[in-house]
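# Structural overview for review
Next come the chains, spelled out residue by residue.
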Amino acid sequence: MNYEKIEGSRVKFTLDVTKDEFEAALDEAFKVVVKKVTVKGFRKGSVPRGIFEKNFGVESLYEDALNVILRNKVREVTSDKQVNEELVMLGQFNADVDKDFERGKDFKVYLFIDIEPEFELPKLKDIKVKGKKVEVSDDDVYKEIKNVVSKDVTKVDKVDGVIAEGNIVKFDYEGFVDDKAFEGGKATDATLEIGSHHFIPGFEEAMVGLHVGDMKDIEVTFPEEYGAKDLAGKKAIFKLNIKEVQEEVLPAFTDEYIKGLKIEGVDNLDQLKALKKKDLEERLDRIEEDRVANDICKELIDKTDVSVPRSLVSERVESYNRQYEAQAKAYGISVEQLLSFQGITMEDFNDQIEKNASEQAKFNLVASKLLEENNLVPTKEEIEAKAEEDASKQNKKKEEVLSVNAQRYASELSYKKLIDFLKENVTIE
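What comes next is a walk through the structure.

Cut-offs applied
- Residues numbered from 1 in each chain as written.
- Predicted model: local features only at pLDDT ≥ 70, side-chain atom pairs only at ≥ 80, totals over all residues.
- Heavy atoms only, no water.
- Helix = DSSP H or I, 4+ residues; strand = E, 2+ residues; numbered from the N terminus.
- Rg over C-alpha atoms; globule rule 2.2 N^0.38 Å.
- Buried < 20%, exposed > 50% of the residue type's maximum accessible area, 1.4 Å probe, protein only.
- Contact = heavy atoms within 4.5 Å.
- Areas by Shrake-Rupley, 256 points an atom, 1.4 Å probe, with all protein chains shown as cover.
- Axes fitted to C-alpha atoms, helices over the stretch in contact; angles between N-to-C directions.
- Parallel < 35°, antiparallel > 145°, perpendicular 65-115°, else oblique.
- Left-handed = near helix turned anticlockwise from the far one by under 90°.
- Nonpolar A, V, L, I, M, F, W, Y, C, P; charged D, E, K, R; others polar.
- Salt bridge = Lys/Arg side-chain N within 4 Å of Asp/Glu carboxyl O.
- Polar contact = N/O pair within 3.5 Å; in protein donor to acceptor, adjacent residues only side chain to side chain.

### Thoughts on the overall build of the chain
Of the regular secondary structure elements, the chain holds 13 helices and 11 strands. Taking 429 residues into account, the globule formula puts the C-alpha radius of gyration at 22 Å, and the chain, at 33 Å, lies well above it. The C-alpha extent of the chain, read off along each of the three principal axes, is 100 × 60 × 45 Å. Put simply, the chain has 429 residues, and 34% of those count as buried. Taking the intrachain contacts of the chain between residues at least 6 apart in sequence as the baseline, contacts between residues at least 24 apart amount to 66%. Accessible area of the chain: about 27,000 Å², with a carbon and sulfur share of 48%.

### A look at the packing of helix α9 (residues 310–331) against helix α11 (residues 346–373)
What describes two packed helices is the angle between their axes and the distance between those same axes. The contact between α9 and α11 brings their axes to 8 Å, and the two run at 130°. Classed by the angle they form, the pair α9 and α11 counts as oblique. Both α9 and α11 take part in a crossing whose hand is right-handed. The residues of α11 that touch α9, namely those facing Arg-310, Leu-312, Val-313, Arg-316, Val-317, Tyr-320, Asn-321 and Tyr-324, are Phe-349, Ile-353, Glu-354, Asn-356, Ala-357, Ser-358, Gln-360, Ala-361, Asn-364 and Leu-365. Of the residues assigned to the contact of α9 with α11, the class counts are 10 nonpolar, 5 polar and 3 charged.

### Brief notes about the pattern of salt bridges
Where charged atoms from two side chains of opposite charge approach closely, those side chains can pair. Going through the model one piece at a time under the given rule, you end up with 34 salt bridges. For Glu-282, the salt bridge is made with Lys-278, and the minimal N-O distance between the two is 2.8 Å. Placement of the pair is Glu-282 and Lys-278 together in helix α8 (residues 269–302), with a separation of 4 residues, close to one helical turn. A relative accessible area of 46% places Lys-278 in the partly exposed class.

### Details of the packing of helix α5 (residues 138–148) against α8
Between α5 and α8, whose axes approach to 9 Å, the crossing angle comes to 105°. Viewed along their axes, α5 and α8 adopt a mutual orientation that is roughly perpendicular. Of the residues in α8, those touching α5 at Asp-140, Val-141, Glu-144, Ile-145 and Val-148 are Leu-269, Leu-272, Lys-273, Lys-276, Lys-277, Leu-280 and Arg-283. A breakdown of the residues in the contact of α5 with α8 according to their chemical character gives 6 nonpolar, no polar and 6 charged.

### With respect to the side chain of Glu-204
Of note, Glu-204 is situated in helix α6 (residues 203–207). Polar contacts involving the side chain of Glu-204 include one to the main-chain amide nitrogen of Gly-195, which spans 2.7 Å. Once residues within four sequence positions are removed from consideration, Glu-204 is found in contact with Leu-192, Glu-193, Ile-194, Gly-195, Ser-196, His-197, His-198 and Phe-199.

Structure, rendered in structure tokens:
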């Protein structure tokens, strides 16, 4: 079968259509169309071919006849053994027809479809990412313990009234950019925990050292990636009126109090600190592992030269759109309204999902090649073991869990094998 590779990981099939094939397609099209037309003197669906063509013209059948031809030609391509051995076709076919085609003459049709691209993987040792050792400070442990005993934490007015890290501040503020107040930049009796990072970078830091009763101006800069584009990267002056500064007082950590928390294996403060430090280290280790994995995947994508088929990107764009449409529908609003609440324009949203979809499609291509070339596909036994584990937790039969989750297990285990393989073979500094 005649085909040629064209740019963008696509192929073009050129197929001959004889005049007899087209006549047969016209006959087939007529059998469908005649059921929908009415001509005076004839029952619906019983109009003779000659009368039909006299009233409507044979050209009225061309579109339906061409659709018959194209369906047949797609079937011809997809059932061709050699084509299936040589190409992995993706997405849907697009079609074109000789511009000068006419009844009574042979002509050609052209089918276009994306194919799985051929590309070389980068050398994994050339991929370098930075890792870091997780360290947990006494302050980190203190915050973890504070969360455990939050119901017993009390807030009291700070004696010296000076704002410090961890204090809760009640204040009024109003923001100005280029000496003009901006929407959403004003509040009365706002409450903020210093160090919570709920405000833009630099805001909370600038409040440290201020005193109850102070009316001060602070200067900060909105991040470049700030949601409201008219403020992104801009310097702003915030006028502050500090009304109240409180500090939190934790309960006395007596052995009796600690035992009352009913934490298994914890009877005193030292044991509580050790447990919270261990929990935090494990959690931060997982976060660091995920960060390194993400950095590896990003570097892998950046260093791989591959033409991503448009159909793969479009699939993911549609998936993103469906997710947002469902979310907006759940709130009873439009997608545009949902995005506006997040400070995002429809144009920016479309640009971002296009970028995300392209990166995801590219990663999937690279991941599939790595999985295949390094035999990282999970075994049947590994998938069943995962099902057995979940079945035990859910008090269900393994077969029941497996029937619903087999595909998800295969995907999750494949990804884990891939990440483990990459971590072993790339350079982590």
